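Chains, contacts and geometry: an overview
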Amino acid sequence: MEGRLIYLIGPSGSGKDSVLDAAREALAKRGVRIARRVITRSAEAVGESAEAVTHDEFDRLERAGAFAMSWRANELAYGIPIQIDQWLAAGEDVLVNGSRGYLERARQRYPDLLVVLLSVRPEVLRQRLLKRNRETPEQIEARLARNARFEDSLDELFLLDNSGDLQETVDKLLRIIDR
Ligand SMILES: Nc1ncnc2c1ncn2[C@@H]1O[C@H](COP(=O)(O)OP(=O)(O)OP(=O)(O)O)[C@@H](O)[C@H]1O
Ligand SMILES: O=P(O)(O)OC[C@H]1O[C@H](OP(=O)(O)O)[C@H](O)[C@@H]1O
């Protein structure tokens, strides 16, 4: 039987990477793999949950069929390695840090996708992005503005609020996965 593909989405700064990092061990115990993304971002701003490549390398990988899914947003390109298809075919569950803008195409390719939308209250979101200090203030405003286009347009998903304590969010995510 095919494994489940869990597609975690949410505004930039809602905490997708933090939740995945905090849930890593509990997910591993459940046999859930986390896909390591390929991103055209500088190596220092990527960390262990992603691999940094240049735009040229990204395009070459994409043309070579290295990605199961790929999208562009926030002036960056993101790829999910094709390896996830082998894991799914082997019956393993896989969790990806996805994009709201790519959701429709992801559903076309994986009709049984389990979608989890992470959200935080708007005022908390701005504060967290500013505090993270990874983007310039202009880039942060552009990221916040991007959210308007997704308001009320996403459906058939599990809502996961991360305005509060991170561990509580992790526990809620695990309950969704275990249900
Ligand atoms: N529950 C929480 N409480 C307090 N701070 C949090 C919480 N969750 C995440 N953060 C902080 O908010 C910031 C944004 O989180 P994170 O980078 O994980 O978001 P993200 O959704 O992965 O964003 P992006 O899509 O831009 O990579 C980080 O500085 C992180 O430490
Ligand atoms: O706005 P949407 O389409 O949901 O997401 C666009 C992309 O931006 C974020 O990445 P990051 O903030 O660069 O790590 C998401 O993780 C996603 O890959």
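For every chain, the first residue of the written sequence is number 1, and numbering continues from 1 along that sequence. Chains carry letters from A onward and ligands carry numbers from 1 onward, assigned in written order. Since the coordinates come from a predicted model, pLDDT governs what is reported: local features require at least 70, and pairs of side-chain atoms require 80 or more to be given and counted, while whole-chain, interface and lining totals use all residues. Side-chain metrics in this entry use all non-hydrogen atoms of the structure; hydrogen atoms and water are not considered.

The name recorded for the protein in an unreviewed UniProt entry is Ribose 1,5-bisphosphate phosphokinase PhnN, from Stutzerimonas chloritidismutans. The UniProt entry for the protein carries the following text under Function (unreviewed entry): "Catalyzes the phosphorylation of ribose 1,5-bisphosphate to 5-phospho-D-ribosyl alpha-1-diphosphate (PRPP)." UniProt positions are given in the numbering used here, feature names are shortened, and annotations may be inferred rather than shown by experiment. In its Sequence similarities (unreviewed entry) section, the UniProt entry covering the protein states "Belongs to the ribose 1,5-bisphosphokinase family."

**Thoughts on the confidence of the model for the protein**
pLDDT is a residue-level measure of predictor confidence that goes from 0 to 100. For the protein, per-residue confidence averages 93 on the pLDDT scale, and 98% of positions sit at 70 or higher. Interface confidence in the predicted complex, given as ipTM, is 0.91; pTM for the same model is 0.93.

**A few points about the site of ligand 1**
Around ligand 1 sit 16 residues in total, of which Ser-12, Lys-16, Ser-18, Arg-132 and Gly-164 are the nearest. For ligand 1, a nitrogen atom lies 3.3 Å from a polar atom in the backbone of Leu-166. Numbering goes from the N terminus for both helices and strands, where a helix is a DSSP run of H or I of at least four residues and a strand is a run of E of at least two. Taken together, the elements giving at least two residues each to the shell around ligand 1 come down to helix 1 (16-29) and helix 5 (122-132). The element that contributes the greatest number of residues to the shell around ligand 1 is helix 1, accounting for three residues. Class assignment of the residues belonging to the shell around ligand 1 gives a composition of two nonpolar, seven polar and seven charged. One heavy atom suffices: a residue is near a molecule or strand as soon as one of its heavy atoms comes within 4 Å of it. Pairs of N or O atoms within 3.5 Å make up the polar contacts considered here, provided that, within protein, one atom can donate a hydrogen while the other can accept it, and that residues adjacent in sequence are counted only when both atoms are side-chain atoms. Gly counts as polar in this scheme, as do all residues outside two lists: the nonpolar Ala, Val, Leu, Ile, Met, Phe, Trp, Tyr, Cys and Pro, and the charged Asp, Glu, Lys and Arg.

**A few points about the UniProt feature "binding site: ATP" (unreviewed entry) in the protein**
Residues annotated by UniProt as "binding site: ATP" (unreviewed entry) correspond here to Gly-10, Pro-11, Ser-12, Gly-13, Ser-14, Gly-15, Lys-16 and Asp-17. Its location among the elements puts Pro-11 in the loop between strand 1 (5-9) and helix 1. Only heavy atoms enter the contact rule, under which two residues are in contact if any of them lie within 4.5 Å. If sequence neighbours within four positions are ignored, Pro-11 has contacts with Lys-16, Arg-100, Leu-118, Leu-125 and Asn-147. Secondary-structure assignment places Gly-13 in the loop between strand 1 and helix 1. A relative accessible area of 17% means that Gly-13 is categorised as buried. The contact partners of Gly-13, leaving out residues within four places of it in the chain, are Leu-125, Arg-128 and Leu-129. A 1.4 Å probe rolled over the protein chains alone gives each residue an accessible area, and that area as a share of the maximum for its type sets the label: buried under 20%, exposed over 50%, partly exposed in between.

**Considering the pairing of strand 1**
Within strand 1, five of the five residues are buried, leaving the element largely enclosed by the surrounding structure. Side chains Leu-5, Tyr-7 and Ile-9 project from strand 1 onto one buried face, and the interleaved Ile-6 and Leu-8 project onto a second face that is buried too. Strands are labelled as partners when DSSP assigns at least two bridges between them. In this structure, strand 1 lies alongside strand 7 (residues 93-97), joined through four bridges in parallel fashion. Within strand 7, the position partnered with Tyr-7 by the bridge is Val-96. Where strand 1 meets strand 8 (residues 114-119), four bridges bridge the pair, whose relative direction is parallel. Note that in strand 8 the partner of Tyr-7 across the bridge is Val-115.

**What to know about the packing of helix 1 against helix 7 (residues 166-178)**
What describes two packed helices is the angle between their axes and the distance between those same axes. With their axes 9 Å apart at the nearest point, helix 1 and helix 7 run at an angle of 55° to one another. In this view, helix 1 runs oblique relative to helix 7, as classed from their interaxial angle. Like other packed secondary-structure pairs, helix 1 and helix 7 cross with a definite hand, here right-handed. From helix 1, Ser-18, Val-19, Ala-22, Ala-23, Ala-26 and Leu-27 reach across to helix 7, where they touch Leu-166, Thr-169, Val-170, Leu-173, Leu-174 and Ile-177. Here the contact of helix 1 with helix 7 is built from residues that sort into ten nonpolar, two polar and no charged. For helices, the fitted line uses only the C-alpha atoms of the stretch in contact; every axis is such a line through C-alpha atoms, and the angle between N-to-C directions lies from 0 to 180 degrees. In this scheme, roughly parallel covers angles under 35 degrees and roughly antiparallel covers those over 145, while 65 to 115 is roughly perpendicular and the rest are oblique. Each crossing gets its handedness from the near helix: less than a right angle anticlockwise from the far helix is left-handed, clockwise is right-handed.

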